[in-house]
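Okay, here's what each chain looks like letter by letter:
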Amino acid sequence: WAQNFLWRGWTRKSLESFEMIQTMTPDLLHAKIGYAYALNANMHKQEARDLIDEILKKHPKNRYALRAKRQFDLEMMGTFRASANYLTEFPGEDEFVFTLELEEPVDFHHTLFAELRRRKTTSPGDRDITRRLYIGDRWAINHTWTLIGAISGDYVNARRMGGIAEIVFTPDDHWRFD
């Protein structure tokens, strides 16, 4: 059940189940790897990496442990995303949104991000172009609390400055409040 809980996104329940498995059968290799995934998903990231390193010392060619190590390494790499969206509602009413996003993890808890967004909206007799640049930090305090803060402004003429603040509260595996 522990692996099923993890796949469903029920990370706390998964960690609890893997801890029971570790107590009953501490030498079960696949359960140890699953336990490392559950630790990582519950913000015990250093402990998860230490466990995978320990497994790889004893079993250096285990493909599941190697895959977990690779996933943990990828988690700490920066990402770049580009997206475009076109929407038409009525004849003559269109919207086109183009977004570039860059994220760079600083450590297990902080991720710096920048987002460039351009939105062009047209309707009969009206046209609006919005250009925004966001720069901020996503701080995962623990598995329950995440704080997101950013400053933003028009990237062409540096007007319309603003800010964003968001609190994400995840009290259990089934509820999330943004």
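The following paragraphs examine the structure supplied in this document. (Residues numbered from 1 in each chain as written. Predicted model: local features only at pLDDT ≥ 70, side-chain atom pairs only at ≥ 80, totals over all residues. Heavy atoms only, no water.)

**Digging into the pattern of salt bridges**
Now for step 1: With the rule as written, the count across this model stands at ten salt bridges.
Now for step 2: Put simply, Arg 81 and Glu 101 hold a salt bridge, and the shortest N to O gap is 3.4 Å. Of the two residues, Arg 81 sits in strand E1 (residues 79–88) while Glu 101 sits in strand E2 (residues 94–105), which places them 20 residues apart along the sequence.
Now for step 3: Looking at Arg 81, the relative accessible area reads 37%, which means it is partly exposed.
Now for step 4: For the salt bridge of Arg 81 with Glu 103, the shortest nitrogen-to-oxygen distance reads 3.4 Å. Of the two residues, Arg 81 is situated in strand E1 and Glu 103 in strand E2; the sequence distance between them amounts to 22 residues.
Now for step 5: A residue is classified by how much of its surface remains accessible, and Glu 103, at 18% relative accessible area, is buried.
Now for step 6: What emerges from the salt-bridge pattern is a single network uniting Arg 81, Glu 101, Glu 103 and Arg 138. (Salt bridge = Lys/Arg side-chain N within 4 Å of Asp/Glu carboxyl O. Helix = DSSP H or I, 4+ residues; strand = E, 2+ residues; numbered from the N terminus. Buried < 20%, exposed > 50% of the residue type's maximum accessible area, 1.4 Å probe, protein only.)

**Looking at the nonpolar core**
Now for step 1: Counting residues in hydrophobic clusters, the biggest one holds 19 residues, and the most contacted among them are Ile 33, Ile 52 and Ile 55.
Now for step 2: Those elements giving two or more residues to this core turn out to be helix H1 (2–8), helix H2 (11–24), helix H3 (29–41), helix H4 (45–58) and helix H5 (63–75).
Now for step 3: Every residue in contact with Ile 52, bar those within four places of it in the chain, is listed here: Ile 33, Ala 36, Ala 65, Ala 68, Lys 69 and Phe 72. (Core = buried A, V, L, I, M, F, W, Y, C linked by side-chain atoms within 4.5 Å. Contact = heavy atoms within 4.5 Å.)

**Quick word on the packing of aromatic side chains**
Now for step 1: Overall, the coordinates contain six aromatic pairs when judged by the stated rule.
Now for step 2: For the pair Trp 145 and Phe 169, a centre-to-centre distance of 4.5 Å together with 35° between the ring planes defines the contact as tilted. With a gap of 24 residues between them, Trp 145 in strand E5 (residues 145–153) and Phe 169 in strand E6 (residues 162–169) connect regions that are remote in the sequence.
Now for step 3: Residue classification places Trp 145 among the partly exposed residues on the basis of a relative accessible area of 37%.
Now for step 4: Assessed through its relative accessible area of 27%, Phe 169 is described here as partly exposed.
Now for step 5: Summarising the aromatic geometry, the rings of Phe 169 and Phe 177 are spaced 6.3 Å apart at their centres and angled 20° between planes, so their arrangement reads as stacked.
Now for step 6: Members of the aromatic cluster, connected to one another through ring pairs, are Trp 145, Phe 169, Trp 175 and Phe 177. (Phe/Tyr/Trp six-rings, centres within 6.5 Å; stacked < 30°, edge-to-face > 60°.)

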